[in-house]
Amino acid sequence: MTAGVVDQKIIHAAASSAAGLRAAVSLFDDHGKAMWQDCEQRLIATPYQTTSFAFPWLSSQSARAREKVRLITVHDVQGRIVLLLPIILRKLGIWQVAQPIAGSHANFMAPLFDAQECTSLGAAQISAALDDGLFKAGADLAILPHVPAAWCGRANPLGGLTDRVSVNLARQAMLSSDVSATLRSLRSKDSLRKIAGKRRKLAAQGNLQIGRAANRDEKLDLLSAYRTLKDSWSTQRRINNEFGDAAVDSFYRILASDPHFVLWYIKVDDQVIGVSAGFQRAHHFSMMIISSEQDLFAAYSPGDILVDFIMRDLCAAGFSSVDFGTGDAEYKRRWLPAPVELRDVIHPLTFSGQIAGAGLAAAHSVKAFIKARPQLTSLAHRLAFATSRLTAWP
């Protein structure tokens, strides 16, 4: 360890200690799991940092991946945990990088946190404690994408770390028990009338069924149908389908056992023509996957019909808000009126991490430039698709 790194470690520890806070790091062992589950009962969290979501993903990975999990906790002067940040350490060249558990499957990144305590302690003090905890975990750099400015109306404690505007967008909608009023706030009267008309026309094509999966076996059958739909959709657009990966398939099969993982379908006779699923936390629902048939029934907009049903179902079930994950697909803009402010954290913890951070920040700027230009984004997807086919050639 160089003298400079030692000095920086002292600075991090001093900053959090001065605020009366203590940062600690735990492994993903029985004690760490129990601590995480306990925090989950009383702290604010997105669905993606809950044990219900993270444990299935870790179960689908190698034992080595589970060994790389670190649970960073921030304790107040009474020793009570006011924040828990679960991360996984990955090797990037010579650097150890702290990243979200579940990678790109985690649509949003926030710690589990006590909003009242974090607010009263102050953003600067919380950031100093997080800085100290990430350093103690052995990270040179933290790369935490899709950090919302707030969650459940409370400021995200990650907001004090080094970040920049996210290359991805996200949107959300507020829901109420008044289904009709909620739908009118989301879509115009004319749009809702057109969806109803297309639903009637689709019903004329056969026995139309729209609903929730009732049990694990039904979820598994529908996930298989989803992969088929998604693969067809991806191939038509020359985009790689990550759901063809065996580890991803295993993750969703494990996730299917959890009642927080909700899955909807639309069928004509026995043919599944649309599938969507997501994860719930408290009164918020976060959609993870959606795909619909793009050939025979495309003219009836089965995706819109399915989303219309989902929104009604969520309102009736008492949910107060919903998001459709990250990304700026057209259907998200149609249904979700409120943007979610997202940042991407690229936060150095060591002097060597600053070098990596500078390079990643530059790459982030290039990616943002491409993302802002649909033609370049489409070209990038096609190149990635073509490259994957070449490398897969026997």
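Note that residues are indexed from 1 along each chain, following the sequence as it is written. Where totals are concerned, whole chains, interfaces and linings use all residues; where local detail is concerned, this predicted model gives features only for residues with pLDDT of at least 70, and gives and counts side-chain atom pairs only at 80 or more. The side-chain numbers reported here are obtained from all heavy atoms of the structure, hydrogens and water having been left aside.

Side note on helix α2 (residues 30-42)
The terminal C-alpha atoms of α2 lie 19 Å apart, and with 13 residues this matches the ideal 18 Å at 1.5 Å per residue to within 8%. Burial status follows relative accessibility: with a 1.4 Å probe on protein chains alone, a residue under 20% of its type maximum counts as buried, one over 50% as exposed, and anything between as partly exposed. In this description a helix means any DSSP run of H or I spanning at least four residues, a strand means any run of E spanning at least two, and both kinds are numbered starting from the N terminus. Among the residues of α2, G32, M35, W36, C39 and E40 are the ones counted as buried. Angularly, the buried residues of α2 cover 140° about the axis, an arc narrow enough to put them on a single face. Across α2 from its buried face, at more than 90 degrees, point the exposed residues D30, H31 and Q41. Here, two residues are considered to be in contact whenever any of their heavy atoms come within 4.5 Å of each other. Buried residues belonging to α2 abut β1 (22-27), α3 (51-59), β2 (69-75), β3 (81-92), β5 (112-113) and β13 (271-281). Residue count minus one, scaled by 1.5 Å, sets the expected span of a helix. Here, the arc refers to the directions that run from the helix axis to the C-beta atoms.

So, the packing of aromatic side chains
Side-chain rings of Phe, Tyr and Trp (the six-membered ring for Trp) are treated as a pair once their centres are within 6.5 Å; stacked means planes under 30 degrees apart, edge-to-face means over 60, and tilted covers the remaining angles. Tallied over the full model, the rule gives 13 aromatic pairs. Aromatic side chains W36 and F55 sit 5.4 Å apart centroid to centroid with 85° between the ring planes, which places their arrangement in the edge-to-face category. In this pair, W36 sits in helix α2 while F55 sits in helix α3, placing the two residues 19 residues apart along the sequence. Each member of the pair, W36 together with F55, is buried. Taken together, the ring pairs in this structure connect Y48, F53, F108, W151, F251, Y252, F261 and F279 into an aromatic cluster.

Points about helix α7 (residues 179-186)
Of the residues making up α7, those classed as buried are V179, T182, L183 and L186. Along the axis of α7, the buried residues cluster in a sector spanning 95°; they form a single face. Check the buried side of α7 and you find it contacts β10 (170-174), α8 (189-203), α11 (302-316) and α12 (330-335).

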